[in-house]
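Chain by chain, the residues run as shown.
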Amino acid sequence: MGEKDKIHEMIRVNHAGEYGAIRIYKGQLAVLGKSSVGPVIQHMAEQEQDHFDLFDKEIKDRHVRPTALAPLWHVAGFALGAASALLGKKGAMACTVAVESVIDEHYRDQLKDLETLPKEKDLKDKIAKCHAEELEHHDTSLELEAEKLPGYKVFTTFVKTASRTAIWLSKKI
Ligand SMILES: [Fe+2]
Ligand SMILES: [Fe+2]
């Protein structure tokens, strides 16, 4: 794959992923918005919106084709968020731990790839900002007792697999 295609693929998948993240938190807020964790989730959702806006600008500036799967992530993200929140606060937090641990690897890989492309420093800085905030979401969710969810292992394994599948699809489609 050429360099330009590779960069476009990165922007497309990040744009899709940040959109999915917004939808997950919206789904959680629909269930838990008025609970004690409502403000925490709201804050995360606002940061995801900022992340989305960063990549949305890249999509427009560079004329990157966005994923064709946005309607799917619109529904699937919301459904995952709402379903996790129906398991309770720990369910919502376990979902975030799982998603963000996959995103951590994903952004880490991209940052490594971009090290060899000095002219993409601006893109790299954007990804680094998102990466740092995803790690905050991950750690906040652990502090809020994600691991105490009954069936934590099974649930997070499921969410991680779903997240990896979504990333794989959004690179190509
Ligand atoms: Fe994000
Ligand atoms: Fe996040």
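Since the model is a prediction, treat every value here as computed from it, not as a measurement. Every chain is numbered independently, its residues counted from 1 as its sequence is written. Here chains are named by letter from A upward and ligands by number from 1 upward, in the order in which they appear as written. Confidence filtering applies because this is a predicted model: local features only for residues at pLDDT of at least 70, side-chain atom pairs given and counted only at 80 or more, and all residues used for totals across whole chains, interfaces and linings. Neither water nor hydrogens contribute to the side-chain values; these are computed over all heavy atoms in the structure.

(A) Quick peek at the coordination of the iron ion (ligand 2). Only nitrogen, oxygen and sulfur atoms within 2.8 Å of the metal, or 3.2 Å for Na, K and Ca, are treated as donors, and water is left out, so sites may look incomplete. At the metal site, the iron ion (ligand 2) is ligated by Glu48 (OE), Glu100 (OE), Glu134 (OE) and His137 (ND1), and these contacts range over 1.8 to 2.3 Å. Geometry at the iron ion (ligand 2) is irregular, judged from the four donor atoms that bind it and their angles of 93 to 147 degrees at the metal. Mapping the donors of the iron ion (ligand 2) onto the primary sequence yields the spacing E-x51-E-x33-E-x2-H. For the pair the iron ion (ligand 2) and the iron ion (ligand 1), the metal-to-metal distance amounts to 4.0 Å, and Glu48 bridges them. Taken as a pair, Glu100 in helix α4 (residues 89-114) and His137 in helix α5 (residues 121-143) lie far apart in primary sequence, 37 residues in all. His137 carries the same exposure label as Glu100, and that label is buried. Site shape is set this way: if four donors have all angles between 85 and 135 degrees, tetrahedral; if opposite donors are over 155 degrees apart and all others between 65 and 115, square planar for four donors and octahedral for six; otherwise irregular. Helix numbers and strand numbers start at the N terminus; a helix is a DSSP run of H or I with at least 4 residues, a strand a run of E with at least 2. The cut-offs for exposure are 20% and 50% of the maximum accessible area for each residue type, with area from a 1.4 Å probe on protein chains only; residues under the lower value are buried, those over the upper are exposed, and the others partly exposed.

(B) Spatial organisation of the environment of Ser101. You can see Ser101 is positioned in helix α4. Looking at Ser101, the relative accessible area reads 17%, which means it is buried. With 86 residues separating them in the primary sequence, Ser101 and His15 have C-alpha atoms 18 Å apart.

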